[in-house]
Amino acid sequence: MDVSIIVPTYNEAPNVAELVRRVSAAVQGRQAEIIFVDDSTDDTPDVVRAVAASASLPVRLIHRDEKVGGLGGAVVEGFRAAQSDTCLVMDGDLQHPPEKIPELLDRAARGDVDVVVASRYAGGGTSTGLADRTRVLVSKASTAVTKAMFPVKLRDVTDPMTGFFVVDRRAIELETLRPRGFKILLEILARKSFRIAEVDFDFADRHAGESKASFLQGLHFITQLAALRFGKMSLFAVVGGLGAVVNLLIVWALTSMGVNYVIAAVIGAEVTIIGNFLLIERFVFHDMRHAASSVWWRFAKSFGFNNAEALIRIPIMALMVETWHISSVIATGITLVVAFFVRFVFHSLVVYAPKKGAKPSAARAVLEEIDEQAMQPGEI
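Keep in mind the model is a prediction, meaning the values are calculated, not measured.

Turning our attention to empty space enclosed by the protein. Within the structure shown, the criterion is met by one cavity of 30 Å³ or more. Computed from the structure, the largest cavity encloses a volume of approximately 40 Å³. Ile 172, Glu 173, Thr 176, Leu 177, Ile 188, Arg 191, Lys 192 and Phe 194 are the residues that line the largest cavity. Split into classes, the residues belonging to the lining of the largest cavity amount to four nonpolar, one polar and three charged.

What follows is the structure, encoded as structure tokens:
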């Protein structure tokens, strides 16, 4: 097999037949396969099976009931299933023109690079397929921020946000990838240094269907970027920072209304404890939940610990106010900063610890993740 073409899909049924037709024409003369890794809720799997029955090249379907890691996780699953070490990744909406595949493969075949990136921003490439000027600005701004955060590893890449690329699977350490969302190329390039080449392409309009871009995907991108650059502890700090701001605002608002500062602090603490748990579930420890206890037991441990911590923290805050005459808002902020480190360690090692009966390998992987991401210094 010369190349395995990996296509992650989510409700792309109207595009499947045309994609297979154009890819088949583009790779004529090569030994190729198409692997659809599908998270759809529509009839996309049935359409893939029907198209595969008459396709001129092997078409395989992996339908996932659990969408672990989002689109990035689907691509990683495709890497594992591929019959060729040369893997080409592309979207299923035909905004990545299949006619560009031969050029990408020919560049990769020279053997002097590990990754060939199809770029909208190199040479004669264009991004006309983006829906409007806002999306163009968001795309370019995101690219600029990403390159600024990884100036060494991305110095030769003009479009680290693209989903259209060729990679030698042997150059990737799949076990180190922590996909979250849809920017899998960024996840790959930020983990280690690669030899990279680029080929320009025109980002086309969607063949059919609607764009999957959303505010939630934007949050996933920010989360992914922070995790790659700074590690899991930084994500926890971001959530804690947001919670601290909300806590301070609640204390300020309630004390301004005449509520006793201790009561105001208790209310602020309870609101932010619940809010912080929901955020760290979604964005910080989401990849450790499968090996941990149930969500309600995780919440009970988190809620109980944070309330116990608050029972200690609030009297200390009161002492600072009454004895040292520090502003109640400032005292709240100081104690929250101190509490952050204790909270992180407890959540990493207790709340999201592997449940009893988990396989040793799973438990070890979770602990390694804590070591790697919580204490990861980032790129120098």
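Here we take up helix 2 (residues 44-54). What helix 2 keeps buried is the set Thr 44, Pro 45, Val 48 and Val 51. One face of helix 2 carries all of its buried residues, which in axial projection span an arc of 130°. For helix 2, exposure combined with an orientation more than 90 degrees from the buried face picks out Asp 46, Ala 50, Ala 53 and Ser 54. Looking at the buried side of helix 2, the elements it contacts are strand 1 (3-9), helix 1 (13-26), strand 2 (32-38) and strand 3 (59-63).

For the rest of this paragraph, the subject is the sheet that holds strand 7 (residues 196-200). The sheet built from seven strands is open, its strands ordered 3-2-1-4-6-5-7 with mixed pairing. Edge positions in the open sheet fall to strand 3 and strand 7, since each of these has one partner strand only. Neighbour-to-neighbour, the strand axes of this sheet turn through a mean angle of 20°, independent of strand direction. Here strand 4 (residues 86-89) pairs with strand 6 (residues 165-168) via four bridges, running antiparallel. Within the sheet, the bridge partner assigned to Thr 86 lies in strand 6 and is Asp 168. Along the sheet face, helix 2 touches strand 1, strand 2 and strand 3 and points at about 160° away from the line of strand 3.

Turning our eyes to something else, we now look at unusual backbone geometry. Here Asn 11, not a glycine, exhibits a phi torsion of approximately 55°, which is positive. Even without being a glycine, His 325 presents a positive backbone phi close to 60°. Looking at the secondary structure, you find His 325 in the loop between helix 10 (295-322) and helix 11 (328-351). Assessed through its relative accessible area of 67%, His 325 is described here as exposed.

The calculated volume of the second largest pocket comes to roughly 300 Å³. What lines the second largest pocket is a set of 22 residues, among which Gly 240, Gly 241, Asn 276, Leu 336 and Arg 343 lie closest to the centre. Among the secondary structure elements, those contributing two or more residues to the lining of the second largest pocket are helix 8 (232-256), helix 9 (261-283), helix 10 and helix 11. Looking at which element gives the most residues to the lining of the second largest pocket, the answer is helix 8, with seven residues. Taken together, the residues that form the lining of the second largest pocket break down as ten nonpolar, ten polar and two charged.

Rules used throughout
Residues numbered from 1 in each chain as written. Predicted model: local features only at pLDDT ≥ 70, side-chain atom pairs only at ≥ 80, totals over all residues. Heavy atoms only, no water. 1 Å grid on protein atoms, 1.4 Å probe; cavity = no way out; pocket = protein on both sides within 12 Å on 5 of 7 lines; lining within 4 Å. Points joined across faces, edges and corners; volume = space filled by probe spheres on them. Nonpolar A, V, L, I, M, F, W, Y, C, P; charged D, E, K, R; others polar. Buried < 20%, exposed > 50% of the residue type's maximum accessible area, 1.4 Å probe, protein only. Helix = DSSP H or I, 4+ residues; strand = E, 2+ residues; numbered from the N terminus. Arc of directions from axis to C-beta. Contact = heavy atoms within 4.5 Å. Pairing = 2+ DSSP bridges. Axes fitted to C-alpha atoms, helices over the stretch in contact; angles between N-to-C directions.

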